[in-house]
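Here's the letter readout for the chains.
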Amino acid sequence: MRRNKRSSSAFHSSEIGKLIDQCCKSADFVTFQLKDSPFFISYFQTLVDKKVLHQDILTILKDKQFTSLEDMKHAIQVEDLVLTTELSSVKQKLMQGNIIIYQQEAQPSCLLIPAFLQENRQVSIPETEYSVVGPKEAFVESLDTNINLVRKRIPVPEFQIKEFSVGKLSKTRVAVAYIEGIADEENVNTVIQRITDIGYDQIIDSSFINQMIADNKNSPFPQLVDTERPDRVASVLMEGKVAILVDGSPSAITGPATLGEFFSAFEDYVTVWNIASAFRLIRFLAITFSVLSTPLYVAVLTYHYEMIPQDLLTTLISSRAGIPFPPLLEAIILEWTIELLREAGARLPTKVGQTIGIVGGIVIGTAAVQAGLTSNVLLIVVALSALASFTTPVYQVSNAIRLIRFPFLIFAQLLGLLGVAACTAIVVAHLLKLKSLGRPFLEPVYPIRLKDMKDALVRLPFNQQTSRPLQTRTDNKIKFRPHSSPPDKRDIDE
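Residues numbered from 1 in each chain as written. Predicted model: local features only at pLDDT ≥ 70, side-chain atom pairs only at ≥ 80, totals over all residues. Heavy atoms only, no water.

Let's talk about the overall build of the protein chain
As a reminder, the rule being used: Secondary structure elements are taken from DSSP: a helix is a run of H or I of four residues or more, a strand is a run of E of two residues or more, and numbering for both begins at the N terminus. Values of the radius of gyration come from C-alpha atoms, whereas the globule rule sets the reference at 2.2 Å times the count of residues to the power 0.38. Exposure categories follow from relative accessible area, calculated using a 1.4 Å probe and restricted to protein chains: below 20% of the type maximum is buried, above 50% is exposed, and the middle band is partly exposed. Any two residues having at least one pair of non-hydrogen atoms within 4.5 Å are treated as being in contact.
A count of helical and extended segments in the protein chain gives 17 helices and 13 strands. Over its C-alpha trace the protein chain gives a radius of gyration of 30 Å, far above what one expects of a compact globule, namely 23 Å for 494 residues. Seen through its principal axes, the protein chain has C-alpha atoms that stretch 100 × 70 × 35 Å. Counting across all 494 residues of the protein chain, residues that qualify as buried make up 45%. Partitioning the intrachain contacts of the protein chain with sequence separation of at least 6 by distance along the chain shows that 64% fall at a separation of at least 24.

Shown next as C-alpha cells:
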C-alpha cells in the first residue's frame, strides 16, 4: 500500500474526486492506494475505528485481488455496506466515519463501509432530575444509546423512531419517537414538520430544537419538557405524547406539555399517592411564594402599612431603621446578589461552587445587614424565595420564575397591591394564550377537563387513572380496566 494525497487526473475530474481533493486539505484525512490494485481507500482517521479498518477490511483486501467493487462488497463482512453513485450520500457518510473505496479511473460508484469510532460517556445517574427512589439512569450524548434506554422500557413493535438530519453544517441526527396507535398522528406530523422546516446551520443540543419549534418563541416559559430521564420519556410516550432525541445531547424533549408537568417529579409516581400529592402541592405553593413574597414586601411597606399587625410593624420599623434605600432598591440589591451567587456557583467547579454558594450567601448577607444596606427581615424573605424556586423538578421553568420576579417588583413599587394583581393578571393571560404543539398549555385548568385533574394538582391512585390525558387526543384513550369493572367480552375472547 502506498499513501497518496493526490490520485489520477481522470479521477479528479469527477465530482467525487473533487470531494476527495477538498478533504485532503485536512490533516486528519488519509488516502492511500492498495498495492497492485486500482482501488483507493479514503477516510478521516479521527472518525474511524482503527480496529475495524485493520481487522475487518484491510485483512480481506490484502489476501485477495478484486476486480470490482461489487465483489469487494460481498467479501467484506461488515454490516450496512452501501455501493452508491450519489455524491450527497458519499459526502454525508464520509463525514460520519465511513470508509470509502473507489477505483483509480473515473468510475461513478463508491463503496461506503461504516467504521465510525464511538467515544461515549457511560450511562450515569441523573444530575438535574435526581430522585431518592426509582431508576437511576440518565441520557448520555449518544443517540443510539438514548434510544436503547427508552426502547428497553417500551419493548413493543409499535414504538416507532423517525430520524432526520438537521442543520446545514452540523448535520445532526434528530430522532422523533412515538408509539403508533397511541400517539395522535397530528401531533407527530406537527413535530416532524417543524423539525424539517428548521434551516439553522448548527444544531448542537436539544435545547436548540426546543427553542425553534416552540409555539411562542418570545415567551419566558418553556412549552416543551426537557428531561434527562429515560423513564420519564417512556412514561409520557405511553400517554400518547411525542419525544425528540438529538445526537450529542444528554436530554430529550417531550410534548405536547402542560404547565403542571413542570412541577411534577418522577418521584411522585414511585411513592404513595397521598404523600406524592402533598409534595406536589408544596411545590405549587413554593413557586407562588417565590414569585410573590418580595413584591408583596415592597408593596406593603410602600403603600399599605395599615395591613401590617402592630407587633410586626414594630419589628419592621426597627429592622429598617437607618436603611438609606427605599424598599424597591433594597429588594433589587438582594435579588441581584442572589442571582450573582447562583451564576457563580453554576459556573465554578462543583466543590468550589457549593462553597461559594453557602459561605458567600452567609458572609454577604451578614455584611449587608451590618452595613445598613438592607434589613434582616427582607434578607430572610429573599433567602426563602430563592430556596422555594429550587423546588421545581424541571430546571428550565425555574429560570422563568427567576425572571418574572423583577416585573412583579416594578409593578409593586408603582401601584402597590394593585400592581401585583395587575402583573399577576398579565402573566395568567399570557399562560392562557400559550400552546404546546398547538394544544392548550394550561390544560386541564383551561379548558377545564375534570378527567385530567386526576394527575394535575394532585396525583390520585393508579387504579383511578384509567384513561390517557385528553390533551394528547389519542385514539386509544383507555390505559387499563380496573378489576372492579366487568370484563370486556373482547378481553375474554383473547
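Don't stop here, the text continues.
Notes on the sheet that holds strand E8 (residues 172-179)
Note the following rule: At least two DSSP bridges between two strands are required for those strands to pair. To obtain each axis, a line is fitted to C-alpha atoms, and for helices this fit is confined to the stretch in contact; angles are then taken between N-to-C directions over 0 to 180 degrees.
In spatial order, the strands read E7-E8-E10-E11-E9; together these five strands make up an open sheet with antiparallel pairing. Bordering the open sheet on either side are strand E7 (159-166) and strand E9 (225-227), each of which pairs with just one other strand. In this sheet, adjacent strand axes meet at a mean angle of 25° when their direction is disregarded. Here four bridges tie strand E10 (residues 242-246) to strand E11 (residues 252-255), and the two strands are oriented antiparallel to one another. Across the sheet, the residue bridging to Val242 is Gly255, located in E11.

A look at the packing of aromatic side chains
Quick note on the threshold: Two rings from Phe, Tyr or Trp (for Trp, the six-membered ring) form a pair when their centres sit within 6.5 Å of each other. Planes less than 30 degrees apart are called stacked, planes more than 60 degrees apart edge-to-face, and all others tilted.
One pass over the structure, following the stated rule, counts seven aromatic pairs. Summarising the aromatic geometry, the rings of Phe40 and Tyr102 are spaced 5.7 Å apart at their centres and angled 5° between planes, so their arrangement reads as stacked. One end of the pair, Phe40, is in strand E3 (residues 39-44); the other, Tyr102, is in strand E5 (residues 98-103), with 62 residues separating them in the sequence. The exposure class of Phe40 is buried, given its relative accessible area of 2%. On the basis of relative accessible area, Tyr102 is assigned to the buried category, the value being 1%. Aromatic side chains Tyr200 and Phe208 sit 6.5 Å apart centroid to centroid with 50° between the ring planes, which places their arrangement in the tilted category. A relative accessible area of 41% means that Tyr200 is categorised as partly exposed.

A closer look at a negative patch on the surface
Cut-off, in case you're wondering: Here a patch means residues that are over 30% exposed by relative accessible area and free of salt bridges, tied together within 9 Å if like-charged and within 5 Å if nonpolar (Val, Leu, Ile, Met, Phe, Trp, Tyr). Computed with the Shrake-Rupley method and a 1.4 Å probe, the accessible areas treat only the protein chains shown as cover for residues. The salt bridge definition used is simple: a Lys or Arg side-chain nitrogen within 4 Å of an Asp or Glu carboxyl oxygen. In this tally, Lys and Arg are treated as positive and Asp and Glu as negative; His is ignored, and so are the chain termini. Charge positions are represented by NZ for Lys, CZ for Arg, CG for Asp and CD for Glu.
A grouping of Glu158, Glu180, Glu185 and Asp475 is seen on the molecular surface, where their side chains present a negatively charged patch. Mapped onto the elements, Glu185 comes out in helix H7 (residues 185-196). On the accessibility criterion, Glu185 (61% relative accessible area) is exposed.

A closer look at the side chain of Glu443
With respect to the secondary-structure elements, Glu443 resides in the loop between strand E13 (439-440) and helix H17 (489-493). Residues in contact with Glu443, not counting those within four places in the same chain, are Thr258, Arg449, Asp452 and Gln471.

Notes on the nonpolar core
Quick note on the threshold: Nonpolar cores are built from buried Ala, Val, Leu, Ile, Met, Phe, Trp, Tyr and Cys residues. Side-chain atoms within 4.5 Å join them into one set.
Counting residues in each nonpolar core, the largest one holds 37 residues, and the members touching the most others are Phe221, Phe262, Val298, Phe408 and Leu431. Taken together, the elements giving at least two residues each to this core come down to helix H10 (273-303), helix H11 (310-320), helix H12 (327-347), helix H14 (376-389), helix H15 (395-415) and helix H16 (417-433). Ranked by the residues each element gives to this core, the list is headed by H10, at eight residues. In this structure Phe262 touches Pro222, Leu224, Val225, Ala257, Thr392, Pro393, Val394, Val397 and Phe441, once residues within four positions along its chain are discounted. Counting residues in each nonpolar core, the second largest holds 23 residues, with Phe32, Ile57, Val78 and Ile99 among its members.

Quick word on H10
Basically, it comes down to this: To estimate how far a helix should extend, the number of its residues minus one is multiplied by 1.5 Å. The bend reported for a residue corresponds to the angle between axes fitted to the seven residues ending at that residue and the seven starting there.
The end-to-end C-alpha distance of H10, which contains 31 residues, comes to 43 Å, matching closely the 45 Å that a straight helix rising 1.5 Å per residue would cover. Taking the largest bend as the criterion, H10 deviates by roughly 35°, centred on Leu292, and proline Pro295 comes between one and four positions later.

Functional significance is not addressed by these values, which are geometric in nature.
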